[in-house]
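# Chain and residue survey
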Amino acid sequence: MARHGGGMRGVENEDQIELTKEQQKEVRARSLKLLFSLIRPVKLRLVLSFVVVIVSQAFRVVGPMLIAFAIDTALPAAIKNDMTPLWLSVGAYLFAAVATGSLISFFLRFAAKVNQDVLFDLRNRVFVHTQKLSLEFHEKYTSGRVIARQTSDLDAIKELLDSGSSELIAGVLYMIFTAVALVLLDLPSFAILMLSLIPLAFLTRWFQKNTRLNYRKTRVASAKLIIQFVETMTGIRAVKAFRKEKRNQEVYQELTEEYRKVNAKVIQLFGIYDPGLISIARVAVAMILLVGGLRVIDGSIGIGVVTAAILYSRRFYDPMEGLAMFYNAYQSASSALEKISGVLEEEPTVEEAANPTPLTEPKGHLEFKDVEFHYSNGITVLKPFNLNIPAGQTVALVGTTGAGKSTLAKLVSRFYDPTHGNLELDEIDLRQISDVELRRAIVMVTQEAYLFSGTVAENIALGKPDSTEDQIIEAAKAVGVHEFIMSMPEGYNTDVAKRGGRVSAGQRQLISFARAFIADPAVLILDEATASLDIPSERMVQHGLKTLLNGRTSIIIAHRLSTISIADRVLVMEHGEVIEDDTPAKLIAGSGKFAKMHKAWRDSLI
Ligand SMILES: Nc1ncnc2c1ncn2[C@@H]1O[C@H](COP(=O)(O)OP(=O)(O)OP(=O)(O)O)[C@@H](O)[C@H]1O
Ligand SMILES: [Mg+2]
């Protein structure tokens, strides 16, 4: 399907090491587009901050000029008892100093605010967008990568924005203004300064070349560290169960060692670049002093001019280090922007209809018409089939691992659309139903039974956000979990804080049943929803399950055949096909697959 290919474009680009020219162009265009869309809302403020920084740097550069005037003109006048020029130059110097200080302070705070607003915007966009994307995206794009987009990539952009970019603009402007001031003040000093730019250019180029490589290495090393850390911590149970700690520790140590090494390299490079920079600057100052001194003896210039030239050239190189590093920060930020723009470019593959057909009173009649399905890898998972599930029927879906049961459930809950054919609820194509109505009509409970941080009551109320306390308790009672909840430390107000923290897997499932009950959907899908329950709990739920399923269409996927006893109809699936379809009694009496499964299961009970 065209949409499959087109929708995942950003992801595929990222996996490729070498991009073609066309793709590079596309990636650049897409990240520029994102950049412009981020800047647009802060455009005016950017212009204002640019004006402020220009004025502040102009004031800053005036200082030495005033000193030259004070020494060469005002001081001789003062000696002749005319204090006015000295007062004037001191006053002007103070004014320029105060103006520079306050403008720079304003600029830095203002620019920081603008930067933070841009980051805030981007951070939210990434979150909202990734959350909105269809399950297809999330099953493909690992959570580690999603985490990287939201953390290290955003950090790279943040680093560029707040460390330096504003100081850098100020620094570059300062260099330009200083050069202009020197031209106006004293050409020979300017010439010496320009000569010193030659060794500086060589040194900076060397520095840049080496840092670029190492800087990239530090980012790769830190990404590896994050991935290793996330993987270890998310799989902490498996780590402990298989005593993988030692090996993990070794791997982690190797990675930190690598990280330490590349960082040390970068610092070493600074250890050469910084002294080099200072030496070149000092030699230039010495030459300006020497040449200037000779010209003062000549009488061709005043001491004040030499003093100012020295003041200028001494600080001329200050922004250089930041400038040399800027390129690196810029590179990693732009590659981060490319990756983020890739995610933002992704479109939900399961789209909401523009003009949905209203579904006011869902009854729960499901019909698969010539439905076929494959995931984006193209391998057929469900072969073309027709299936009619009348409203109110309880259907058990059984079959071997990998037969396609969960996939069928994902189609019914519209996490995916069929790649061919239609799936209808009450004669309306699922694609034509609005998201809100669809989620209200069809609820799927999975084995995962995720609980969000919050209280038990809040977690049940997720099924129906406006539910009252009584309704919550009623739902819990209906599915038979009220007693269990009351036995928890704070009953319904117990905080389930962490996943698996205080509530066991089975208890989570019990709570999620209450959540499904309160939602009161027309169609309920239970995908291995009782898998974590022990036999007594399952018995207890069995009773609750009857209440839960009463009056609605339900599809139960379970390996434990005891759960299936309440079904009106059993579908046996194998290799993407429904191979048996009848009432449980008839199938058991027959000689098919289900009869065998049932016999094996009964024997196991003895
Ligand atoms: N996101 C996916 N992308 C590609 N293939 C998938 C994806 N999810 C499942 N599959 C494949 O589809 C087939 C059916 O998987 P499904 O999860 O529907 O099986 P199942 O019947 O629910 O199995 P089980 O009893 O183990 O839960 C499997 O071969 C599986 O590898
Ligand atoms: Mg499954």
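Residues numbered from 1 in each chain as written. Chains lettered and ligands numbered in written order. Predicted model: local features only at pLDDT ≥ 70, side-chain atom pairs only at ≥ 80, totals over all residues.

## Looking at the overall build of the chain
For the chain, the helix and strand inventory stands at 22 helices and 10 strands. Its C-alpha atoms give the chain a radius of gyration of 36 Å, clearly above 25 Å, the size a compact globule of 606 residues would have. Taken along its principal axes, the extent of the C-alpha atoms in the chain is 120 × 50 × 45 Å. The contacts of the chain with a sequence gap of at least 6 include a subset with a gap of at least 24, amounting to 79%. (Helix = DSSP H or I, 4+ residues; strand = E, 2+ residues; numbered from the N terminus. Rg over C-alpha atoms; globule rule 2.2 N^0.38 Å. Contact = placed C-beta atoms within 7 Å.)

## A few points about the site of ligand 1
Contacts to ligand 1 come from Glu139, Tyr375, Asn377, Val381, Gly399, Thr401, Gly402, Ala403, Gly404, Lys405, Ser406 and Thr407. In terms of residue count, helix H13 (residues 405-412) provides more of the shell around ligand 1 than any other element does, 3 residues in total. Looking at side-chain class alone, the shell around ligand 1 contains 3 nonpolar, 7 polar and 2 charged residues. (Near = placed C-beta within 6 Å. Nonpolar A, V, L, I, M, F, W, Y, C, P; charged D, E, K, R; others polar.)

## Looking at the domain arrangement of the chain
Segmentation of the chain into domains returns domain 1 (2-345) and domain 2 (366-605). Computed from C-alpha coordinates alone, the two centres of domain 1 and domain 2 are separated by 55 Å. (Domains from an automatic or database assignment.)

## Thoughts on the sheet that holds strand E5 (residues 428-429)
Within the open sheet, the 4 strands sit side by side as E2-E1-E4-E5. Their pairing is antiparallel. Unpaired on one side and paired on the other, strand E2 (380-389) and E5 mark the two borders of the sheet. In this structure, strand E1 (residues 366-374) lies alongside strand E4 (residues 420-425), joined through 5 bridges in antiparallel fashion. Each residue of the ladder has a partner; that of Leu366, found in E4, is Leu425. (Pairing = 2+ DSSP bridges.)

## Digging into the sheet that holds strand E7 (residues 523-527)
Ordered in space as E6-E7-E8-E3-E9-E10, the 6 strands form an open sheet in which the pairing is mixed. What marks the edges here is a single partner per strand, and that holds for strand E6 (442-446) and strand E10 (577-582). Ignoring which end each strand starts from, the neighbouring axes of this sheet average 20° apart. One ladder, built from 5 bridges, connects strand E9 (residues 569-574) with E10; its direction is antiparallel. (Axes fitted to C-alpha atoms, helices over the stretch in contact; angles between N-to-C directions.)

## Re the environment of Asp581
One can find Asp581 in strand E10. For Asp581, a count of 14 C-beta atoms within 10 Å gives the class partly exposed. Along the sequence, Asp581 and Gly392 sit 189 residues apart, while their C-alpha atoms lie 17 Å from each other. (Buried ≥ 20, exposed ≤ 12 C-beta atoms within 10 Å, placed from the backbone.)

## Side note on unusual backbone geometry
At Asp370, a residue that is not glycine, the phi angle is positive and equals roughly 55°. Tracing the backbone shows Asp370 in strand E1.

## What about the packing of helix H16 (residues 469-478) against helix H18 (residues 505-519)?
With their axes 8 Å apart at the nearest point, H16 and H18 run at an angle of 115° to one another. Crossing handedness for the pair H16 and H18: right-handed. The residues of H18 that touch H16, namely those facing Gln471, Ile472, Ala475, Ala476 and Ala478, are Ala514, Phe517 and Ile518. Taken together, the residues that form the contact of H16 with H18 break down as 7 nonpolar, 1 polar and no charged. (Left-handed = near helix turned anticlockwise from the far one by under 90°.)

## With respect to the pairing of strand E3 (residues 394-399)
Within E3, 6 of the 6 residues are buried, leaving the element largely enclosed by the surrounding structure. Alternating positions in E3 separate into two faces, Thr394, Ala396 and Val398 on one and Val395, Leu397 and Gly399 on the other, with burial throughout. Where E3 lies against strand E8 (residues 553-557), 4 bridges are found, and the strand directions are parallel. Directly across from Thr394, in E8, lies its bridge partner Ser554.

## Re H18
With 15 residues, H18 extends 21 Å from end C-alpha to end C-alpha; this agrees with the ideal 21 Å at 1.5 Å per step. Among the 15 residues of H18, 13 are classified as buried, and the element is accordingly described as predominantly covered. (Expected span 1.5 Å × (residues − 1).)

## Here we look at helix H5 (residues 84-132)
Here H5 is 49 residues long and its end C-alpha atoms lie 71 Å apart, about the 72 Å a rise of 1.5 Å per residue gives. Taken as a whole, H5 has its buried residues at Ser89, Leu103, Phe107, Ala111, Val114 and Leu122.

## Some remarks on the environment of Ser591
You can see Ser591 is positioned in the loop between helix H21 (584-589) and helix H22 (593-605). Each C-alpha atom, one on Ser591 and one on Tyr273, is 83 Å from the other, the two residues being 318 residues apart in sequence.

## A few points about the packing of H5 against helix H12 (residues 320-345)
Orientation of H5 relative to H12, taken along the N-to-C sense of each, is 40°, at an axis distance of 9 Å. On the basis of their axis angle, the class for H5 and H12 is oblique. In the crossing of H5 with H12, the sense of the turn from one axis to the other is left-handed. Note on element contacts: H12 touches H5 through Ile340, Val343 and Leu344, opposite Arg125, Val126, His129 and Thr130. Along the lines of polarity and charge, the residues of the contact of H5 with H12 split into 4 nonpolar, 2 polar and 1 charged. (Parallel < 35°, antiparallel > 145°, perpendicular 65-115°, else oblique.)

## A look at the confidence of the model for the chain
Note: predicted coordinates in regions of low pLDDT should not be interpreted at a detailed level. Residue-level pLDDT values for the chain average 86, and 95% of them are 70 or greater. Mean pLDDT in the chain bottoms out at helix H1 (residues 2-7), which sits at 35, and peaks at E1, which reaches 95. (pLDDT = per-residue confidence, 0-100.)

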